[in-house]
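# Fold and contact review
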Amino acid sequence: REKEALAARSAGLADKQETLKSSASELEEEKARLERQTKEAKAKNRALEKEVADLKIVNSDISHRLETATSDVSRLSSTMDKLREEHVVQISDLKRTIESDRQVLKDKLKQEVAKYKSKLAKEQKKSAAYKEKAVEAHNKGQRARQALSSVASANELYGGAGT
């Protein structure tokens, strides 16, 4: 009876060991998938960071163009002083147009930067979530390996005693 009980227990432990091996394999696959997703999220994050950097360059170029335009307006103002009475209305309209364009461009840039910052924040949140899931999967795998090792040790202990 004792041998039969040990044999039955050994068979049960072997079944548990197979189940744990299967679970560990599934967890390893999940870990690999999450690591791939994390890698993809990081690549997207880098792409968004590059886009933000490109937008900063565009912003700098627009600022330079605006400074140039403002400088041109000043130069035109000194030339126009001679003809002020004829051109006062034209100069005033030009300044308003430039300022309006500057404001429109500034607002558009602010919207674009905000949009990309939002995208960047979303990607960073996704990346953090993927990383957390990968760590959880890794920890589950570690626990499964420890349990598998424990079951294997117990199986060897009980299996060796029964023969």
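The present account deals with the structure reproduced in this document. (Residues numbered from 1 in each chain as written. Predicted model: local features only at pLDDT ≥ 70, side-chain atom pairs only at ≥ 80, totals over all residues. Heavy atoms only, no water.)

A word on the overall build of the protein. The number of helices and strands found in the protein is two helices and zero strands. For 163 residues, the compact-globule formula gives about 15 Å, and the C-alpha radius of gyration of the protein, at 35 Å, lies well above that figure. The principal-axis extent of the C-alpha atoms belonging to the protein is close to 120 × 15 × 15 Å. Out of the 163 residues in the protein, the part that is buried amounts to 19%. A sequence separation of at least 24 residues applies to 88% of the contacts in the protein between residues at least 6 apart. (Helix = DSSP H or I, 4+ residues; strand = E, 2+ residues; numbered from the N terminus. Rg over C-alpha atoms; globule rule 2.2 N^0.38 Å. Buried < 20%, exposed > 50% of the residue type's maximum accessible area, 1.4 Å probe, protein only. Contact = heavy atoms within 4.5 Å.)

The next subject is the layout of surface pockets. Taking a probe equal in size to a water molecule and rolling it over the atoms shows the remaining empty space. Looking at the largest pocket, its volume works out to about 250 Å³. As for the largest pocket, its lining consists of 13 residues, and the residues nearest its centre are Ile62, Ser63, Leu66, Arg102 and Leu105. Those elements that provide at least two residues to the lining of the largest pocket are α1 (2-80) and α2 (84-162). Broken down by element, the residue count for the lining of the largest pocket peaks at seven residues, all from α2. For the lining of the largest pocket, the class distribution of residues is six nonpolar, two polar and five charged. (1 Å grid on protein atoms, 1.4 Å probe; cavity = no way out; pocket = protein on both sides within 12 Å on 5 of 7 lines; lining within 4 Å. Points joined across faces, edges and corners; volume = space filled by probe spheres on them. Nonpolar A, V, L, I, M, F, W, Y, C, P; charged D, E, K, R; others polar.)

Right, let's talk about the environment of Leu109 for a bit. With respect to the helices and strands, Leu109 occurs in helix α2. The class of Leu109 is buried, set by a relative accessible area of 12%. Through-space distance from the C-alpha of Leu109 to that of Ile62 is 9.8 Å; in sequence the pair is 47 residues apart. Each residue touching Leu109, except ones within four places of it in the same chain, is listed here: Leu55, Asn59 and Ile62.

In globular proteins that are soluble, nonpolar side chains generally tend to be buried together. One finds Leu48, Val52, Leu55, Tyr116 and Leu120 forming the largest nonpolar core, which totals five residues. Contributing elements (two or more residues each) for this core: α1 and α2. Broken down by element, the residue count for this core peaks at three residues, all from α1. When near neighbours in sequence (up to four residues on either side) are disregarded, Tyr116 contacts Leu48, Glu51, Val52 and Leu55. (Core = buried A, V, L, I, M, F, W, Y, C linked by side-chain atoms within 4.5 Å.)

In short, the description is geometric, and any link to function would need to be established separately.
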